[in-house]
Amino acid sequence: MLRDGEEVETIVRRSPYAMMGRILLVLLFLCAPFFFIVPLFRIATWGVWGFLALLFIGCAIAVRSALLYAFNALVITSARVVDLDQRGVFHRTVSDAEYNRIQDVIFSIKGIRQTVFRYGTVAIETAGSSARIVVSGVSHPEAVHDHIMRMVTRAGGHSAPDEKQDEQEVLDLAATLKENLSPSELRELINKTQRGEK
């Protein structure tokens, strides 16, 4: 999966809080048979089969959930971002985006549960493709966003704004205007700029 010279920086997985519904379902199927063990076993053979069926369903959901958790990941490497998307036991999609192709990285945290437990969605938009890499249920999406943007900046995809350089450019422009324009022309230019005229 890794290319020559490429190193893994971080592996991002879904937050356990994002899987809370599935975890509660597993606990229900695993605990309910033991809660109703006496009434189920009074039914004799059908009760034993019902007990075993509920346990089997709970175990199957638990194994599937564990596999999906283990094989779904966003891998941040030294050269690109790789999305490993396991949608079922036999359905896997892998997509990647090199840092120089990434145009935008967006994160969102929606609702009370995501805000309290600090998980959300990270979306990566790339140049030349309508496809987006979207990873939902990520722990601390703002930190993932910042890490990817640092990697994009390091790769030369986006240049981080240098505030001191911007300030110096504005000061140089002001000095040039002051030298080349009379005070009345400078006031007129400022008024036009404030009115939005050219």
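Everything numeric in this text was worked out from a predicted model, so none of it was measured.

1. Re the nonpolar core
Working step 1: Residues Leu74, Ile102, Ile124, Val144 and Ile148 are the most contacted members of the largest nonpolar core, which totals 17 residues.
Working step 2: Put simply, the parts of the chain that give this core at least two residues each are β2 (73–77), β5 (102–108), β6 (119–126), β7 (132–139) and α5 (141–155).
Working step 3: Sequence-distant contacts of isoleucine 148, defined by excluding residues within four places in its chain, comprise Leu74, Ile76, Val81, Tyr99, Ile102, Val105 and Ile124.

2. Some points on the packing of aromatic side chains
Working step 1: For the structure on display, the rule yields 4 aromatic pairs.
Working step 2: Their ring planes at 15 degrees and their centres at 4.2 Å tell us that tyrosine 17 and phenylalanine 117 sit as a pair that is stacked. Placement of the pair is tyrosine 17 in the loop between β1 (8–12) and α1 (20–35) and phenylalanine 117 in helix α4 (residues 111–117), with a sequence separation of 100 residues.
Working step 3: Judged by relative accessible area, which is 35%, phenylalanine 117 ranks as partly exposed.

3. Considerations on the pairing of strand β3 (residues 80–88)
The two faces of the sheet receive side chains in turn, since in a regular strand these alternate between them.
Working step 1: Along β3, 7 of the 9 residues are buried, which leaves the element largely enclosed by surrounding structure.
Working step 2: For β2 and β3, the ladder comprises 4 bridges, and the chain directions are antiparallel. Bridge assignment links leucine 74 to a residue of β3, and that residue is aspartate 83.

4. Describing the sheet that holds β7
Working step 1: Taking strand neighbours across the sheet as the criterion, the 3 strands line up as β5-β6-β7 in an open arrangement whose pairing is antiparallel. A single partner strand is all that each edge strand has here, and the edge strands are β5 and β7. Taken pair by pair, the neighbouring strands of this sheet meet at an average axis angle of 15 degrees, ignoring direction.
Working step 2: Where β6 and β7 come together, 6 bridges link them in antiparallel fashion.

5. A word on the sheet that holds β3
Working step 1: Pairing is antiparallel in the open sheet, where 4 strands are placed in the order β1-β2-β3-β4. Strands at the two margins of the open sheet, each flanked by one partner only, are β1 and β4 (91–98). The mean inter-strand angle of the sheet, taken between neighbouring strand axes irrespective of direction, is 15 degrees.
Working step 2: One ladder, built from 8 bridges, connects β3 with β4; its direction is antiparallel. Within β4, the position partnered with aspartate 85 by the bridge is threonine 93.
Working step 3: The sheet strands contacting helix α3 (residues 45–71) are β2, β3 and β4, and the helix crosses β3 at an angle near 165 degrees.
Working step 4: On top of the sheet, α5 reaches β1, β2 and β3; it is set at about 35 degrees to β2, its chief contact.

Definitions and cut-offs
Residue numbers run consecutively from 1 along every chain, following the written order of its sequence. Local features are withheld for residues below a pLDDT of 70 in this predicted model, meaning they are given only at 70 or higher, and side-chain atom pairs are given and counted only at 80 or more; totals for whole chains, interfaces and linings count all residues. As a rule here, side-chain values come from all non-hydrogen atoms in the structure, and water together with hydrogens is ignored. Only buried residues count toward a nonpolar core. Its members are Ala, Val, Leu, Ile, Met, Phe, Trp, Tyr and Cys residues joined through side-chain atoms within 4.5 Å. Burial status follows relative accessibility: with a 1.4 Å probe on protein chains alone, a residue under 20% of its type maximum counts as buried, one over 50% as exposed, and anything between as partly exposed. Strands here are runs of E lasting at least two residues and helices are runs of H or I lasting at least four, both read from the DSSP assignment and numbered beginning at the N terminus. Note on contacts: a residue pair is in contact if any heavy atoms of the two residues lie within 4.5 Å. Centres within 6.5 Å are what make two rings of Phe, Tyr or Trp a pair, Trp counting through its six-membered ring; a difference in plane orientation under 30 degrees is then read as stacked, over 60 as edge-to-face, and the rest as tilted. By the convention used here, strands pair only if DSSP detects at least 2 bridges between them. Helix axes are fitted only over the stretch in contact, all axes being lines through C-alpha atoms; the angle between N-to-C directions runs from 0 to 180 degrees.

These figures come from the coordinates and say nothing about function on their own.
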